[in-house]
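As a plain string of letters, each chain reads:
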Amino acid sequence: MGLLSDPNRRRALISLLTRLNAPICVVCYMAGVAWFMGLAFEPFTLRTYMSENAMGSTMVEERFPAGERALGTGREFSAHKKKAGGMPVDWLVKTMQSRGLEVFTQRFSRRLPFPDEDKERYMVKGTNVYGILRAPRAPRTEALVLSAPCSPGDDNNQAVGVLLGLAQYFRNQVFWAKDIIFLVNEHDLIGMQAWLEGYHHTNTTGMDWSPLQGRGGSIQAALSLELSSDVVTSLDLVLEGLNGQLPNLDLANLFYAFCQKIGVLCTTQGKLQRNDWDSVSGYSHAVQTMMLMVMKQASGRPWGDHGLFLRYHIEAATIKGINSFRQYKTDATTIGRLLEGMYRKLNNLLERLHQSYFFYLMPSLSHFVSIGYYMPAFGLLALILLLRALDLWIQLATPPPGVLSVLTPLVISHLTGVALYTLPIHFQEIAVEHFPVSETEAVVLTAIAVYTAGLALPHNTHRLLTGRGTENGWKVLKLVAVLYLAVLLGCTALINFSLGFILALTLVPVAAFVTPDLCSATPACTLLFSVFLFQELQEMPVSFLDGWMLYLSVISQGILDHALYGSLVYPLVALLVYPCWLLFWNILFWK
Amino acid sequence: IIFYIFSTLYFQLSFSPLVPQENAGQFFSSGHTNNWAVLVCTSRFWFNYRHVANTLSVYRSVKRLGIPDSHIVLMLADDMACNHRNPKPATVFSHKNMELNVYGDDVEVDYRGYEVTVENFLRVLTGRLPPSTPRSKRLLSDDRSNILIYLTGHGGNGFLKFQDSEEISNVELADAFEQMWQKRRYNELLFIIDTCQGASMYERFYSPNLMALASSQVGEDSLSHQPDLAIGVHLMDRYTFYLLEFLEDIHPSSKANMNDLFKVCPKSQCVSTPGHRTDLFLRDPGSALITDFFGSVRKVEITMETINLTEPIQQRQKETYSYVDQLPVSEIIHQKPKQKDWHPPDGFILGLWTLILLVFFKTYGMKHLKHIF
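Quantities reported herein were computed from a predicted structural model and do not represent experimental measurements.

**Student:** Give a description of the overall build of chain B that names residues and reports values.
**Tutor:** Regarding its fold elements, chain B presents twelve helices and twelve strands. Buried positions account for 47% of the 373 residues belonging to chain B. Nonlocal contacts in chain B, meaning residues at least 24 apart in sequence, comprise 74% of its contacts between residues at least 6 apart. As displayed, chain B has an accessible area near 20,500 Å², and 58% of this comes from carbon and sulfur atoms.

Here is the structure:
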C-alpha cells in the first residue's frame, strides 16, 4: 500500500509529527534564519548581467561637454529660488523654452490629514514645471523621464543645473527615438504624485491638481537625480519604491555597467563594495547592505522621487550624488556623460524592461539574489505555522471542534483593527481639545492608545463570550489564528518579501508556541526593535530617548504615507496583522 | 621590326578561335548564361544593424561585379537607414569611422520589412508566386542560371530565425532547392550563410550542383566584428566583413576561384571555424570562378572574321526532358545525422534513480531483492 493510504504508516507518520513537532519547528526556524543570513554570502549570489538584448553593452560614445555651464545654471537656479521663496516657475519656463523644449506647468494643492513634523508642512501648494524634448523623427508614442526635485534651501541646485545642461545637449542630437521629459517637481513626493496622477489620468489619493497640457506618450523608464554639490566622490543608487516595489534589475545593471565604464565610484545603500567576501568583516559588510535594503523595502515608503513611478509599471531609480572625504572627485561633466550614456541605451529599448528580475535583494551593487533563492527562507518560517496547524488538527480530531465559538473573538478583533485604522485621524481634533499636544502627536498617541486598549480586550470580552471557554476551545481559536497568520504572511511576502519576512521572523515563534499562560511579545515591539536596528545599520546608533521619538515619527509617517501616496503598510498592520495578533492575545488569557 | 610586329599581330590573331565554326560549340557549352542573386537579411530591430549591413555589402559587391538590379532579389527585414535611432540618417556603414556607406543612393530593395517571411522566401526560390507579383520580386531563373543565395541573421542548430516570429529549418531549405532542381531553375547554386551554427543549414542538402559556405560550425557562434561608438551598434559580422574585403579585390575579369573563397576568414580572424560543402558540386571547386556566382560576366570575344554557322553543332546531344537526374537514392536515404558523442547520464538522473530504488526497497523490504537478481 502507499505511504499515506496505509493506516499503519499513516499512524506512524502522525505520531512522528506530534512527537517531534516542537523540535522540527525550532529546526525550521533556525534553518530559515540561517538561509536568510547566507544570502549575503558571495558564493551564493549571482553577478549582475544585462538581460535586455536591445540595451546590449555600453558601447556608446558619450560626448557631453558642458558640466561647468550646467553648474552655472544651477547657481542661477538657486538665486532665483531664493528670490521667489519657492519654485522659480517663470525663470524655469523661460530657461527650458530657450533650450528648445515644449514647456508646461502643473499646479497642485493638498491638505495633509495632519501636519507633517518631519518636513514641516500641512497645507501644501506647489507647481511642477516640465519640458518635453520631442523625438525628431519618431512618432510620439514613448517617453523617458529625467527629474530633479526642487528642494527648499540649498539642496539639489546642481541637480537642476545638470538637468538643464543635459536638456540643451540632448536637443542637438538626432538619434532620439522617444520623447524625453525633463521634470522639476516641487515638494518632492507630493509634487511627483500630482504629476503622475495628472499624466495617467488617475486620482487615487484625493489631491487637487490642474490637468497636464502636454503629454509625451507611454513612459518607458525614469531617473531621478539628487545632486547637492559641485563635485561628488560617489554615486548612490536608490531602488526601493512605494510598498517595497523594486524596478527591474536591468536598470541597476545599466547603472553599474556605466559606472564601471566611466570609472565612477558607485554604491548602493550608501555602502561601498568590498572584495574580501571570505573574511568576516567583508561578509558582515554584505549582510549590513542587504539588511539595510530589507529594512527600507519593509517600510513600504518610497525612498526617492522615483518610488511613485513603479506603481504605473515604469521602471525608475534615483541617483544620488554623495560628497564625502575622498581624494578622487568626479565632476559634473562626468556625471552628465554617465546620464547621457544611460539615456542613449534606454533610447534603444523596444519594449518595457521585462527581461530581468523584478524581485531581488542586493547585498552589493554587483551581486544580487533573486526571488527563487530568497523565498525558501520565508517558506521555512511559514512551514512552522503549517506544522503547528497540522498538530492542532490532529489533536482536535477526536472531539469535533465547534467553529462558532471562534467567531466572537474574530469579529471583536477585526472591529478593534478597524478602530485602530480610523480613529487616530478622525479624533485628532477632540484629542487636541482635551490634551495639550500637537495634532501629529495626537494622532500617534491615539494610535498607541487604541493599540493598548485592544490588548486589554480579552479580559473584558470574556464576560461576553457565550459558550464558555472549554478546555479545547482555545485550540480551535489557535488553529484558526495560525492558519490566518500563515495566509496573511504568505500574501505579504509575495508582494513585499522584506515586510513579510520581518513580520514572520518576530511573529511566528510566538504564534507557534503560544498557549494559555505563556508570555508573548507584540508587533509594536517588532517596530521598535526594527527602528533601533535600522539606525544601528546606518552607523548612526541612537540613544533610547531619541529612538523613542524616532519611533513615534515612524508611526506618523506611516499614517501619512498611506494618506498621501496610498502606501499599504499602515492598513495592512492595522486591519490584518493587529487583529490576527489579538486572536493570539485572546488565547493567552483563555480562562 | 615591322616584320616582328606583323608576326606578333598574326600570332595574336591566331590565338583567337582559328576555326570559329568548330569552337562555337565549345564556346556555348560553358555552363551558365546568366547570373542571379537572392540576398536575405532576416532580422529586424536596431541592435541587428549588422545583419542589414552584411546583406548590403554583399549586394554592393554583386552589383559592382555586374549583376543588375533586375537579377537581384534583395530582402531586408528592417530599415536601418531611416531608423529613428540612426545618428546618421540615410546611411548604413560597414566600416567604423564611417568609411564605407553601403546604402548609397541606388539600392533597390525588393522585399522589405514584414514582407520578409519564410513563405515569401520559399516562394521566391520555387517560383510559386501569385500572378500579380511584379517582375522585380521574382526569381526568373532558368536551367542555365547560376544563383548566389546569401542568408544572414540569427540562427541555431538546424534553423534560421526570420523576424523573431518564425524559423526556416534546414530540411525545408534542402527541399526548396530540390524543387528548384526538379523545375530546372538553376544550373549551379552557391549558398552562403552567416549566422550562428550556420553549417547546420547545409547539412541536409541533397540536390546536385550545390556548393555551400557557412561562417561557423555547429556549436559555434558567429561573432560580430566591430562596434562604432558614435552609432552605438556593431556594424558587421566578422565573416562577411572579411568576405567583403576579399571581394573588393575581385574585378570582373578576375580568375580567382572557389578555393580562394574557402580560405576567407580563417579561425584566427573569425574566431569561429568557417565551413564549406562541395560534395554535391559536380565540377571541381577549383575550376569554378568567383565571378561565376558573384558577377555577371558575359563571354565576349571580338573577331574580325565572319563565321558561318550553317552546320548544327554536333556536340550537343538531343535531350528529351524527363525527370531530372538526381543523386543515387541510396545516398539520400543514408544521409545520417552526425554522430553525437555519448555522454554519461547526468548526476541528477543517477541520483533520482538511486532515490527511487532506495524508496522502493525500503518500502517493500529487502526480501524482494532476490526476485530481481
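**Student:** Quick one: what's the story with the pattern of salt bridges, residue by residue and with numbers?
**Tutor:** Across all of its chains, the model carries 25 salt bridges over all chains by this definition. For A:Arg388, the salt bridge identified is with A:Asp391, shortest N-O distance 3.3 Å. With a gap of three residues between them, A:Arg388 and A:Asp391 both fall in helix α10 (residues 371-395), about one helical turn apart. Judged by its relative accessible area of 6%, A:Asp391 falls in the buried class. With its nearest N and O atoms 2.9 Å apart, the salt bridge here joins B:Lys63 to B:Asp69. By relative accessible area, B:Lys63 is classed as partly exposed at 22%. Take B:Asp69: its relative accessible area is 18%, and that puts it in the buried class.

**Student:** Explain the interface of chain B and chain A residue by residue, including any values.
**Tutor:** Counting residues at the interface gives 19 residues for chain B and 22 residues for chain A. Approximately 1,600 Å² of surface area, both sides summed, lies buried where chain B meets chain A, with 57% of it carried by carbon and sulfur atoms. Summed over the shared surface of chain B and chain A, the number is zero salt bridges. At the boundary of chain B and chain A, one finds eight residue pairs in polar contact (both at pLDDT 80 or more). Each residue belonging to the side of chain B that touches chain A can be placed in one class, and the counts come to twelve nonpolar, six polar and one charged.

**Student:** Give a detailed account of the nonpolar core, specifying residues and quantitative values.
**Tutor:** Residues and elements named next belong to chain A. Ranked by size, the top nonpolar core spans 184 residues in total, and within it Phe36, Phe182, Trp195, Phe255, Phe309 and Phe584 carry the most contacts. Ranked by the residues each element gives to this core, the list is headed by helix α18 (residues 569-588), at 14 residues. Those residues in contact with Trp195 that sit more than four places away from it in its chain are Gln106, Asn128, Tyr130, Val145, Ile181, Leu183, Leu212, Ile219 and Phe309.

**Student:** If you had to explain the pairing of strand β5 (residues 179-186) of chain A to someone new, which residues and values would you point to?
**Tutor:** Residue and element names in this part refer to chain A. Counting buried residues along β5, eight of its eight residues qualify, which places the element largely inside the surrounding structure. The alternating pattern of β5 places Asp179, Ile181, Leu183 and Asn185 and Ile180, Phe182, Val184 and Glu186 on opposite faces, both of which are buried. Across five bridges, the pairing between strand β3 (residues 121-133) and β5 is antiparallel. Its bridge partner being in β5, Gly131 is matched across the sheet by Phe182. Examined bridge by bridge, strand β4 (residues 142-150) and β5 share eight bridges and lie parallel to one another. If you follow Cys150 over to β5, its bridge partner there is Glu186. In this region the chain leaves β4, passes through helix α5 (residues 157-171) and returns to the parallel neighbour β5; the handedness of that crossover is right-handed.

**Student:** Break down helix α3 (residues 67-84) of chain A for me, citing the residues and quoting the values.
**Tutor:** Residue and element names in this part refer to chain A. Counted at 1.5 Å a residue, the expected span for α3 with its 18 residues is 26 Å, and the 26 Å between its end C-alpha atoms agrees. Residues of α3 that are buried: Gly67, Ala70, Leu71, Thr73, Gly74, Phe77, Ser78 and Lys81. Down the axis of α3, the buried side of the element spans an arc of 155°, and every buried residue falls inside it. Seen from the open side of α3, the exposed residues pointing more than 90 degrees away from its buried face are Glu68, Arg69 and Lys83. Buried positions along α3 lie against α4 (89-98), β4, α5 and α9 (332-347). A positive phi of about 65° marks Gly85, the residue just after α3.

**Student:** How would you sum up unusual backbone geometry? Please name residues and give values.
**Tutor:** The phi torsion of most residues other than glycine is negative, and most of the peptide bonds are trans. The phi angle at B:Gln197 is positive, at roughly 55°, despite the residue not being glycine. Tracing the backbone through its elements, the reader meets B:Gln197 in the loop between β8 (188-194) and β9 (210-214).

Conventions we followed
Residues numbered from 1 in each chain as written. Chains lettered and ligands numbered in written order. Predicted model: local features only at pLDDT ≥ 70, side-chain atom pairs only at ≥ 80, totals over all residues. Heavy atoms only, no water. Helix = DSSP H or I, 4+ residues; strand = E, 2+ residues; numbered from the N terminus. Buried < 20%, exposed > 50% of the residue type's maximum accessible area, 1.4 Å probe, protein only. Contact = heavy atoms within 4.5 Å. Areas by Shrake-Rupley, 256 points an atom, 1.4 Å probe, with all protein chains shown as cover. Salt bridge = Lys/Arg side-chain N within 4 Å of Asp/Glu carboxyl O. Buried area = accessible area lost by both parts, 1.4 Å probe. Polar contact = N/O pair within 3.5 Å; in protein donor to acceptor, adjacent residues only side chain to side chain. Nonpolar A, V, L, I, M, F, W, Y, C, P; charged D, E, K, R; others polar. Core = buried A, V, L, I, M, F, W, Y, C linked by side-chain atoms within 4.5 Å. Pairing = 2+ DSSP bridges. Right-handed = clockwise from strand over helix to strand, strands pointing away. Expected span 1.5 Å × (residues − 1). Arc of directions from axis to C-beta.

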